[in-house]
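# Residue-level structure breakdown
Next come the chains, spelled out residue by residue.
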Amino acid sequence: MHAAFRRLLRRAPILTALGLVLVASWGLVAWMTLDMAHPLVRLTMPLDAAWSAATAAAVLVMWAGMMFAMMLPSAAPMILAFDTVERGDAGDGRATPRTLAFAGAYLLVWTGYSALAAGAQWGFQASGMLTPMIVSRSDWLTGGLLVLAGLYQWTPLKQACLRHCRTPLGFLMAEWRDGVRGAFAMGLRHGLYCAGCCWALMLLLFVAGVMNPVWIVFLTFLVALEKWPVLPGWLARAFGAVLVCAGAAILL
């Protein structure tokens, strides 16, 4: 019991940092979905494709907040594993610069994805495929995204990325690098594996609504579930088959 408590104390700094980011991210998501009449939230839901700089910035913050909230729960085991290996048995109770670099690089990857998602939102709205509430109004878009996400679940790239995400210690042993720059590079690499695993599923936010809290929570749970090591590998492929069937039914 005493040893377990000491291990918890050594993890307290990174647990606190992750907790603060998660609380802030989910707080932002909850505020946006519950107070859509607020002027700042309205900026994320433009009525046309003539975006101002403020609109583009608001949309980017919205997507980044959602990605942090949705992806950090499933990334926490990898970040904690890195911190444990980095700290060893002689932690001094402070978050190490290498752990912060690793986690920061991971979030940087999803910030980049958020910029791409914001661009996709602009494109879909410019073509009239999204409502101002950021919900698909096109059967072609809805069905196409469902089929795309479903087929991607079966690809070798998806399965390879998923294997890396499900085995934190295996990833760390294969990718370990020294120094803060090395930790940053490792975080980028893990972030890219994670994005490679989940990018298509995140596009499904356009299907049921980017501002739909139930859909956001469902996708977060799904991403965390398929990365759980004890679950069978065919789970992701089975869900992919369901998505393809649903998308095909809409298209047909």
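Before any of the text, the structure's been laid out above.
None of these values were measured; they are calculated from a predicted model.

What counts, and where the lines are drawn
Residues numbered from 1 in each chain as written. Predicted model: local features only at pLDDT ≥ 70, side-chain atom pairs only at ≥ 80, totals over all residues. Heavy atoms only, no water. 1 Å grid on protein atoms, 1.4 Å probe; cavity = no way out; pocket = protein on both sides within 12 Å on 5 of 7 lines; lining within 4 Å. Points joined across faces, edges and corners; volume = space filled by probe spheres on them. Helix = DSSP H or I, 4+ residues; strand = E, 2+ residues; numbered from the N terminus. Patch = residues over 30% accessible without salt bridge, like charges linked within 9 Å, V, L, I, M, F, W, Y side chains within 5 Å. Areas by Shrake-Rupley, 256 points an atom, 1.4 Å probe, with all protein chains shown as cover. Salt bridge = Lys/Arg side-chain N within 4 Å of Asp/Glu carboxyl O. Buried < 20%, exposed > 50% of the residue type's maximum accessible area, 1.4 Å probe, protein only. Contact = heavy atoms within 4.5 Å. Phe/Tyr/Trp six-rings, centres within 6.5 Å; stacked < 30°, edge-to-face > 60°.

## Some thoughts on the layout of surface pockets
- In this structure, the largest pocket spans a volume of roughly 160 Å³.
- Lining the largest pocket are Pro73, Ser74, Pro77, Met78, Cys165, Arg166, Pro168, His190, Ala224, Lys227, Trp228 and Pro229.
- Those elements that provide at least two residues to the lining of the largest pocket are helix H3 (53-87) and helix H6 (156-166).
- Sort the elements by how many residues they give to the lining of the largest pocket and H3 lands first, with 4 residues.

## Overview of unusual backbone geometry
- With a phi close to 65 degrees, Ile134 is a non-glycine residue in the positive phi region.
- Tracing the backbone shows Ile134 in the loop between helix H4 (97-126) and helix H5 (139-152).

## Points about a nonpolar patch on the surface
- There is a patch of nonpolar side chains on the surface, built from Val85, Leu169 and Trp176 and spanning about 270 Å² of accessible area.
- For Trp176, the position within the fold is in the loop between helix H7 (168-175) and helix H8 (179-203).
- With relative accessibility at 31%, the residue Trp176 sits in the partly exposed group.

## Notes on the side chain of Thr142
- In this fold, Thr142 is placed in helix H5.
- In this structure Thr142 comes out as buried when scored by relative accessible area, which is 11%.
- In contact with Thr142, other than residues within four places in its own chain, are Ser136, Val207 and Ile250.

## Observations concerning the packing of aromatic side chains
- Under the counting rule described, the total for this entry stands at 9 aromatic pairs.
- Seen in terms of ring centroids, Trp215 and Phe218 are 5.5 Å apart; in terms of plane orientation they differ by 20 degrees. Their pairing is stacked. Taken as a pair, Trp215 and Phe218 lie in helix H10 (residues 213-226) at a separation of 3 residues, close to a single helical turn.
- Overall, Phe218 belongs to the partly exposed group, its relative accessible area being 34%.
- Through pairs of rings, three or more aromatic residues link up here, namely Trp63, Phe124 and Phe206.

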